[in-house]
Each structure stands twice: as structure tokens, then as C-alpha cells.
There are 2 protein chains.
Amino acid sequence: MSKPYVLGIDIGGTNTVFGIVDARGQVVASDSIKTRKHSEFDKYVDELHTEVMRLLKANDAEDKIQGIGIGAPNANYYTGTIENGINLPWGNNVALAEKVSRAFGGIPVAVTNDANAAAIGEMTYGAARGMKDFIMITLGTGVGSGIVINGQVVYGHDGFAGELGHVIVKRNNGRVCGCGRTGCLETYASATGVARTAREFLETRSDPSTLRAIDIDSITSKDVYDAAITGDKLAKEIFEFTGKILGEAFADMIAFSSPQAIILFGGLSKSGDLLMKPLVDAMESNVMSIFRGKTKVILSELKESDAAVLGASALGWEAKYRAEVPAAEVAPANLPVVE
Amino acid sequence: MSKPYVLGIDIGGTNTVFGIVDARGQVVASDSIKTRKHSEFDKYVDELHTEVMRLLKANDAEDKIQGIGIGAPNANYYTGTIENGINLPWGNNVALAEKVSRAFGGIPVAVTNDANAAAIGEMTYGAARGMKDFIMITLGTGVGSGIVINGQVVYGHDGFAGELGHVIVKRNNGRVCGCGRTGCLETYASATGVARTAREFLETRSDPSTLRAIDIDSITSKDVYDAAITGDKLAKEIFEFTGKILGEAFADMIAFSSPQAIILFGGLSKSGDLLMKPLVDAMESNVMSIFRGKTKVILSELKESDAAVLGASALGWEAKYRAEVPAAEVAPANLPVVE
């Protein structure tokens, strides 16, 4: 018999947020722990288990969890592991699904990367309800993506599909990317990319800008946004440059999967027309004529604080993987009482 | 009860080839008509029907066709129409599925574009048997693509997904494309693209080449191939240039769907290591490290003459659309005899 709640866990570089979610997508209760407190993964899972159990108890939900869904950078849906844990403290090939399922006495666990979790959340509870073909683009520190085709998340043959932040938008003399290559979309169209563009423009041009009052090495995308909304011409051009690169990249994505919508999520997506206008202009003028005017660019409808947990939790309903837990390891409270 | 054969029809710019195909993918018999003989679509369908019926009779297969699958440029799987018939004589919005189904007394018809048909053929009978995630790239006069994800052809929300010949590989000063834009992959990596590269190299460089003996305006990709296999340095460089552009484009496609294989089909794919070596080198050195060494680039295993018909025919097994045919229009042979 299915149970009334799922647990959604979002493992971010700084915080791990978890929430109890009901079938209508309401976050009944949530809490968080610090991701980097333990450099040993088993200790991290211990703390996560302790804090989650505390939250479950407080909400009378200890026996009411159908499954656990987890979103984490580079987590692989097929293998249940974090294969390349570059942004996390526990190294590579971390047995995420297995250890969490074991800690919770064999509850089914499903994992995916954070951008795919956001796409699932959007499809289940947000702007993509009813859509079978869409692309979720997360514009944060980096650029992530979750692709849905025929109503299914695209995992590819190895579980790593959907790295649209790392398509090459500049073949020659492109910016160095954290992935080790140059010219990736992420180096231009992320919050970090906007700050890099600001530094580049300020260094190579001489026109006035209120941004020149800020220490150039500490400029953020927020500074650029603040300057642009007060009418600073150079700051507005930074958004035009960013939007144009994103729009050109979107035109190529449309040639691939012809999505009904591209949904933007994350800090930079809240820049309004400063980003959206040049983005849509560039997308429409670069797309093949058969696609023109067809793909909407829209904003996520999920609260940013809830979205990752909601998306991960949606995966919990269909989770199938269970760790095999020897009887001796199961907490007594979960065992039938034999007199 | 299902019948033993399907009919596969490949509508090309010059010839329309059709074949009777059995469940094991054997082409029992095939024939063709000229695509451009009739500028009126109804007359074309009349002739197609007459010639197909002749072939069916000759093979004792008149009542043995389960469905009809058709591959045609810009044919739309969802609507059954040729929406943008730029390479065909009948204009736009041609009711392909409806008119063919009607001509054949209501037999189910499914249509798709030629590259998707090739992908279906490869998945059903060729190099992609058993694969759930692959991309078919046809290197002919143009560059076409059929994308398969989770075992399903990617049609997108409007039926037009999979136009990978029209991703932009050169943002600035790119070659003019037949689609009306500039810098498309197809303008570099097709047979026509190779000929354009030859003309460009010969005009802008002065090093010797046996290609200089040929009238520059009539050079074909075959001429370049012939020169390259005899060791002509400039001709070999043309293939290196072409392979590099293809390999770079493939690296971005891998970031999207992480396919198990990219399968090459069409005349230019038969260039052997001249094309394959620079292609795979560029792909592997441009792909993200998590994808490196994972995606195979392989050649189609279908005979080129059969592939399009086979691919279209495979669609015939699952065809569901039937034109409603008024009783009076049904050929007497198909009606139950009422005494």
C-alpha cells in the first residue's frame, strides 16, 4: 500500500535541504544540514538520518514515507552514485542511493542531478505541468539543464545527458571553463559569466559606468543588475550580450528537440526584460524558420527555496532501488513485534 | 489479425522508391516512379497507387499489407502532412497520409521525414539494433538527422525535432545555407559542403593540387575523395577540415543526449579514415571529460538502396492513422459480398 509522503533531499554545495512532501506537492515540513561538515560520507549520512528522523517524528510521519528522492550535482540516475563529486567533499563514486536507503531501513531511493530534479519538479508541480517536451535551464553560479522528451527526463545511455551549460558557444578564444575546456555556455550565461563579462567590458572599454565605482575583482551579477535597472548603459549592454549568447544557444537546442518551452530557473533568470528581451530576440532571429515563434521562454513557477526539494521528492514516488538491509541492522521500531 | 507485409515508401527529390517488406526486414520486391512527373499531388498519388498495386499483384500480396510507412522530406509524424515541401513539386501542407491511405482503401499510414525513417530502419534492422539512445546523421547533399532517446524517435512538440544539419557551427561570416540562415553544419559537412570547401581552399590558397585540373565550379565531393586517396595533400586537408567541424558539432550533441552511438549514413560517410579520423579526434578532444571515449561513431549497416524503404516500412507496422473511405470509393474487391 502506498504511503502518504515522500522525502525530497537536495544536496547542494553548501546546504543539504530536505522536506516531507505530500501527494499534492505541499512541503509539509523541511529542514537542512551543512553539506561539508563531514568529509567522510558515512558520517554525513548518519547526521542526515538523525536530522530527518527528528523532522519525521515532529510531524508524526515516521512510517509514512513511500520513497526518497535525492538531487545532487553529478548524481547518476542509473547507478545511484555521485560519480564525479567535484563540488562535494566525499570524492568520486559515492554510493549515494545505497547508503541512504540502508540508513533508512531499506526505503526505496532514486537519485538524479540537481537540474534534472528541477525539471521533474517543474513538470510535476510547476510551469511545465502538462508539457511532454521542454528544457529546464538553471542560471545560477553555473548553467545546468534538465531535458524532458516524450514526458521522460533524458538521461542518455550513461545517465549523464543534459549538460547544456557545456555546449561550446565560442570556438576560438573562448573563456576557460571549470570543466577544463574553453568557450562553454556556462562561462558566459551564468551569474559568474555575467560578472566576467562586466570585468571584460570595464577593462577593454573606456565609456563611463557606475560599475567603475566598484572594485573590479569583486563585481557580481547583482551589481550589474542594480546598475542596469538604474539605466547604466554599459550594464544594460552586459545583459544584452548575455541574452544574445543564451538565445543563440537556445536556437540550436530547438533544432535538436523542438521543445514546447524552455523554462528558466535560478538567480539570473529573475533579471526581467534586461535579459529576456535580448534572449528571445536572438533566439527567434537564429532559429530555423519552421521553429520560429513556437517555443516559449518562460520562468519557473516554483519558489526557489522549495523547487529543488520538490523536484527531488517527485522522484521519490517512483523510486524502486532498495538497499538490502540485514534484519539486525533494522531499527527495532521498524520490526514487527513477535511475542 | 496482423498481415504478413508492410509497404515502405521513400519519397526523394528525384525518385519515389517503394517496397514490400516482411516482418524480418526482407525487401520482398521493390520498384520506383519519378517524383516530379506530376505537379498535382492527386495525380502523383494515382500513379503511385497504380504502380504499387501492380507490384503487389505480381507478388500475390494485394490483401497482405498491414500498414504503409512513408519517409519524405519535411513530412510530419503528428499531422501526416508535408508542411514545407521546398524540395518537392506539390507546395506546402500536402495531406500525404490522408491521400495515400484513401487511395489504398483505408490502410493505416504513418509518415516521417527521411532521416527519421533511416533512424527507425537502423534501429529495427541495422547497426542500432538493441540501442535505446543513438543519433543517425545522414551525410548526403545536405545533413539530416534522426534522434532516438529511450528507444523512441524524438519528434518534439511539433513533429519537427532533429534538424541537426542546421545547428550553427560558425557564428560569424558563416556560409549561406538553403534554410535562409548562415553557418549551418550542413553548409560544411555535406557532400555539397565538401565541394564548397574545395572551391574555397583552391581560390584562397596557392599550393599545388591535382584538383586544380578540374573546372572549379564543377568540383564534387567525389573529385575531392578521388584526389585524397591518391595522396593529394590539399584534398586530404579538405576532409580534415570537414571532419573537424563534424566532430566539434558531435561533441555538443553528446552534451545534449549522451548517445551510445552516432551512426553515419549517406555518400560522404563512405570516405573511410579520411573523414573518420579527424572527426573522431575532434569529437574526443572537444567533448566533456565525463563523456570521453563513451560514444561510438559507426557506419550504417543498411544497404543505401534499401535503407530508406526499410526505415519507412518499419513505421508501417505501427501505423494507426486511416483515412475514412466512403463505401462507394472502396474498390469492389475489398468489400464483403452481400447476397
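Throughout this document, residue positions are counted from 1 along each chain, in the order its sequence is written. By the order in which they are written, chains take letters starting at A while ligands take numbers starting at 1. Local features are withheld for residues below a pLDDT of 70 in this predicted model, meaning they are given only at 70 or higher, and side-chain atom pairs are given and counted only at 80 or more; totals for whole chains, interfaces and linings count all residues. Excluding hydrogens and water, the side-chain values take into account all heavy atoms of the structure.

Chemist: Any chance you could explain the overall build of chain A here in plain terms?
Modeler: Only DSSP runs of H or I reaching four residues or more are called helices, and only runs of E reaching two or more are called strands; each is numbered from the N terminus. Of regular secondary structure, chain A possesses 9 helices and 10 strands. C-alpha atoms define the radius of gyration in this analysis, and the globule rule sets the expected value at 2.2 Å times the number of residues to the power 0.38. Relative to the compact-globule value of 20 Å for 339 residues, chain A shows a C-alpha radius of gyration of 22 Å, a close match. The principal-axis extents of the C-alpha atoms in chain A amount to approximately 85 × 45 × 35 Å. In this scheme, a residue with accessible area under 20% of its type's maximum is buried, one over 50% is exposed, and one in between is partly exposed, where area comes from a 1.4 Å probe on protein chains only. The buried share of chain A, taken over its 339 residues, is 56%. Contacts are assigned to residue pairs that have any heavy atoms within 4.5 Å of one another. Here the contacts in chain A between residues at least 6 apart in sequence split such that 63% fall between residues at least 24 apart. His residues and chain termini do not enter the charge count, which takes Lys and Arg as positive and Asp and Glu as negative. Charge coordinates come from a single atom per side chain, which is NZ of Lys, CZ of Arg, CG of Asp or CD of Glu. Computed over 33 positive and 41 negative side-chain charges, the separation of the two mean positions in chain A equals 3 Å.

Chemist: I keep staring at the packing of helix 6 (residues 221-229) of chain B against helix 7 (residues 233-257) of chain B and nothing clicks. Help me out?
Modeler: Helix-helix packing: each pair is described by the crossing angle between the helix axes and the interaxial distance. All names here are of chain B. The interhelical angle for the contact between helix 6 and helix 7, taken along N-to-C directions, is 120°, at an axis separation of 7 Å. By the angle between their axes, helix 6 is oblique relative to helix 7. In the packing of helix 6 onto helix 7, the handedness of the crossing is left-handed. Every residue of helix 7 that contacts helix 6 at Val 224, Tyr 225, Ala 227 and Ala 228 is listed here: Ala 235, Lys 236, Ile 238 and Phe 239. Orientation is described by lines fitted to C-alpha atoms, with helices fitted over the stretch in contact, and by angles between N-to-C directions that extend from 0 to 180 degrees. Angles below 35 degrees are treated as roughly parallel, those above 145 as roughly antiparallel, those between 65 and 115 as roughly perpendicular, and all remaining angles as oblique. In this scheme, a crossing is called left-handed if the near helix is turned counterclockwise away from the far one by less than a right angle; it is called right-handed if the turn is clockwise.

Chemist: Could you clarify how one ought to interpret the pairing of strand 4 (residues 65-71) of chain A in this entry?
Modeler: Side chains on a regular strand alternate between the two faces of the sheet. Counting buried positions along strand 4 of chain A gives 6 out of 7 residues, so the element sits mostly inside the fold. Remark: the strand 4 of chain A/helix 2 (residues 96-103) of chain A/strand 5 (residues 109-112) of chain A crossover connection has right-handed handedness. Seen with its strands pointing away from the viewer, a crossover is right-handed if its path from the first strand over the helix to the second goes clockwise.

Chemist: Looking at this structure, I do not really get the relation of the copies chain A and chain B. What am I missing?
Modeler: Think of it as a corkscrew move, a rotation about one axis and a shift along it, taking one chain copy to the other. Turning chain A through 180° and shifting it by 0.0 Å along the axis lays it on chain B, with an RMSD of 0.0 Å. With respect to symmetry, the two chain copies, as superposed, fit the operation of a two-fold axis. Of all interface residues in chain A, 100% are interface residues in chain B too; the two copies therefore contact each other through one and the same surface. Only residues with pLDDT of at least 70 in both copies count here: their C-alpha atoms drive the least-squares fit that superposes the copies.

Chemist: Sorry, what's going on with the sheet that holds strand 4 (residues 65-71) of chain B here?
Modeler: In sheet architecture, strand pairing relies on hydrogen bonds along the backbone and comes in two forms, parallel and antiparallel. Residues and elements named next belong to chain B. Two strands make a pair as long as DSSP finds a minimum of two bridges between them. Strand order in the open sheet formed by 5 strands is 3-2-1-4-5, and the pairing between neighbours is mixed. Two strands close off the open sheet at either side, each with one partner strand: strand 3 (27-34) and strand 5 (109-112). Neighbour-to-neighbour, the strand axes of the sheet open up by a mean angle of 15°, direction not taken into account. Alignment of strand 4 against strand 5, held across 4 bridges, turns out to be parallel. Bridge pairing links Ile 70 to Val 111 in strand 5. Contacts between helix 9 (residues 304-317) and the sheet are confined to strand 1 (5-11), strand 2 (15-22), strand 3, strand 4 and strand 5, with strand 1 contributing the most and set at about 130° to the helix.

Chemist: Is there a simple way to explain the pattern of salt bridges in this structure?
Modeler: The working definition used for a salt bridge is a side-chain nitrogen of Lys or Arg within 4 Å of a carboxyl oxygen of Asp or Glu. Under the criterion given, the structure shown has 38 salt bridges over all chains. Between A:Asp281 and A:Lys277 there is a salt bridge whose closest N-O contact spans 3.0 Å. Of the two residues, A:Asp281 and A:Lys277 both sit in helix 8 (residues 273-286), 4 residues apart, roughly one turn of that helix. Close ionic contact of B:Glu47 with B:Lys37 constitutes a salt bridge, the shortest N to O distance being 3.7 Å. Taken together, the positions of B:Glu47 in helix 1 (residues 41-58) and B:Lys37 in the loop between strand 3 and helix 1 put the pair 10 residues apart, joining distant regions of the chain. Through salt bridges that share partners, A:Arg171, B:Lys244, B:Glu248 and B:Asp252 make up one connected network.

Chemist: Which parts of the structure should I look at to understand the interface of chain A and chain B?
Modeler: It is common to report an interface's size as the accessible area lost on association of the parts. In this assembly, 40 residues from chain A lie in contact with 40 residues from chain B. Approximately 3600 Å² of surface area, both sides summed, lies buried where chain A meets chain B, with 56% of it carried by carbon and sulfur atoms. Accessible surface is computed with a 1.4 Å probe, and the buried area is the amount of it that two parts give up when combined, taken over both parts together. Its largest share of buried area at the contact with chain B, chain A owes to A:His157, A:Arg171 and A:Phe256, together 22% of the area lost on that side. Joining chain A to chain B, the criterion identifies 6 salt bridges. The salt bridge involving A:Glu248 is made with B:Arg171; its shortest N-O contact spans 3.6 Å. Every element with two or more residues in the side of chain A that touches chain B is listed here: strand 7 (143-149), strand 8 (152-153) and helix 7 (233-257) of chain A. Classifying every residue of the side of chain A that touches chain B by side-chain character gives 20 nonpolar, 12 polar and 8 charged. Classification convention: Asp, Glu, Lys, Arg as charged; Ala, Val, Leu, Ile, Met, Phe, Trp, Tyr, Cys, Pro as nonpolar; all other residues, Gly among them, as polar.

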